[in-house]
Amino acid sequence: MEMKYGEREIREFDINKDENFWPNTNKKNYIIDIELPEFMAMCPRSGYPDFATIKIQYTPDEKVIELKALKIYINTFMYREVSHENSANEIFDTLYEKLSPRWLKVVADFKPRGNVHTVIEIDSAKM
């Protein structure tokens, strides 16, 4: 069966392309606050889906991320087997490397499964 256009876009997406990042023309300090409430990845042990809300806050320096690119990047995780900790750290590391922000915080708030609720927070101010 042929892939639908959205599935193909997600599966072929490359966050590293320059077109996914725009120049920040504002030189003052300000915070960009983004919430992505439909994160999904598969548990590497069971294969069951894990769902989370990903919250990203950052103070940009030279670049900002294009929001559609961020949405598609987050959606790429739905086809991957990755732990809560690794997915949150990968999102942080990718954004930190690509944006070189003045400050970045990523919070991954996973929905409870099996009576366990996990929240992972990574803050560049605490590194």
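Heads up: the structure comes first, above all this text.
Structure report, in brief. A quick note: this is a predicted structure, and the numbers were derived from the prediction, not measured.

## Topic: the overall build of the protein
So, step 1. Scanning the protein from N- to C-terminus turns up three helices and six strands.
So, step 2. Listed by position from the N terminus, the elements making up the protein come as α-β-β-β-β-α-α-β-β.
So, step 3. Here the protein has a C-alpha radius of gyration of 15 Å; the compact-globule value for 127 residues is 14 Å, and the two agree.
So, step 4. By its C-alpha atoms, the protein is 45 × 40 × 20 Å across when sized along the principal axes.
So, step 5. Burial analysis of the protein (127 residues in total) assigns 42% to the buried set.
So, step 6. Within the protein, contacts between residues separated by at least 24 positions form 65% of all contacts whose residues are at least 6 apart in sequence.
So, step 7. For the protein, the accessible area works out to roughly 7,900 Å², and carbon and sulfur atoms hold 50% of it.
So, step 8. Distance between charge centres in the protein, computed from 18 positive and 22 negative side chains, equals 2 Å.

## Quick look at the environment of Lys105
So, step 1. Tracing the chain through its elements places Lys105 in strand β5 (residues 103–110).
So, step 2. Linking Lys105 and Asp123, residues 18 residues apart in sequence, is a C-alpha distance of 4.3 Å.
So, step 3. Among all residues touching Lys105, those that are not within four sequence positions of it are Lys55, Ile56, Gln57, Glu121, Ile122 and Asp123.

## Some words on helix α2 (residues 67–75)
So, step 1. Those residues of α2 lying buried are Ala69, Leu70, Ile72, Tyr73 and Ile74.
So, step 2. Structurally, α2 contributes buried residues whose contacts are with α1 (5–11), β2 (32–42), β3 (49–59), β4 (63–65) and α3 (84–99).
So, step 3. Looking at where α2 begins, the residue whose side-chain oxygen comes 3.2 Å from the main-chain nitrogen of Lys68 is Glu66.

## Description of α3
So, step 1. Helix length check: α3 (16 residues) gives 23 Å between terminal C-alpha atoms against 22 Å at 1.5 Å per residue, within 8%.
So, step 2. Along α3, the residues that are buried comprise His84, Ser87, Ala88, Ile91, Phe92, Thr94, Leu95, Lys98 and Leu99. Seen along its axis, α3 keeps its buried residues to an arc of 165°; they face one direction.
So, step 3. Two residues or fewer past α3, Ser100 is found with a positive phi of approximately 45°.

## A closer look at the nonpolar core
So, step 1. Core analysis: the biggest nonpolar cluster contains 33 residues, and Phe39, Ile54, Ile56, Tyr58, Leu70 and Ile91 have the highest contact counts within it.
So, step 2. Elements with a contribution of two residues or more to this core: β2, β3, β4, α2, α3, β5 and β6 (119–123).
So, step 3. Setting aside residues up to four positions removed in sequence, Leu70 forms contacts with Ile34, Leu36, Ile56, Ile65 and Leu95.

## Here we look at the pattern of salt bridges
So, step 1. Summed over the entire model, instances satisfying the criterion amount to eight salt bridges.
So, step 2. Glu62 is the partner of Lys27 in a salt bridge, and the nearest nitrogen-oxygen pair spans 3.9 Å. Residue Lys27 is located in the loop between β1 (21–23) and β2, and its partner Glu62 is located in the loop between β3 and β4; the two are separated by 35 residues in the primary sequence.
So, step 3. On the basis of relative accessibility, which here comes to 49%, the residue Glu62 falls in the partly exposed class.
So, step 4. For Asp61, the salt bridge goes to Arg102, with nearest N and O atoms at 3.4 Å. Of the two residues, Asp61 sits in the loop between β3 and β4 while Arg102 sits in the loop between α3 and β5, which places them 41 residues apart along the sequence.
So, step 5. With a relative accessible area of 26%, Asp61 lands in the partly exposed category.
So, step 6. The class for Arg102 is partly exposed, based on a relative accessible area of 35%.
So, step 7. A network of salt bridges, in which partner residues are shared, links Lys105, Glu121 and Lys126.

Cut-offs and rules
- Residues numbered from 1 in each chain as written.
- Predicted model: local features only at pLDDT ≥ 70, side-chain atom pairs only at ≥ 80, totals over all residues.
- Heavy atoms only, no water.
- Helix = DSSP H or I, 4+ residues; strand = E, 2+ residues; numbered from the N terminus.
- Rg over C-alpha atoms; globule rule 2.2 N^0.38 Å.
- Buried < 20%, exposed > 50% of the residue type's maximum accessible area, 1.4 Å probe, protein only.
- Contact = heavy atoms within 4.5 Å.
- Areas by Shrake-Rupley, 256 points an atom, 1.4 Å probe, with all protein chains shown as cover.
- Lys, Arg positive; Asp, Glu negative; His and termini not counted.
- Charge placed at Lys NZ, Arg CZ, Asp CG, Glu CD.
- Polar contact = N/O pair within 3.5 Å; in protein donor to acceptor, adjacent residues only side chain to side chain.
- Expected span 1.5 Å × (residues − 1).
- Arc of directions from axis to C-beta.
- Core = buried A, V, L, I, M, F, W, Y, C linked by side-chain atoms within 4.5 Å.
- Salt bridge = Lys/Arg side-chain N within 4 Å of Asp/Glu carboxyl O.

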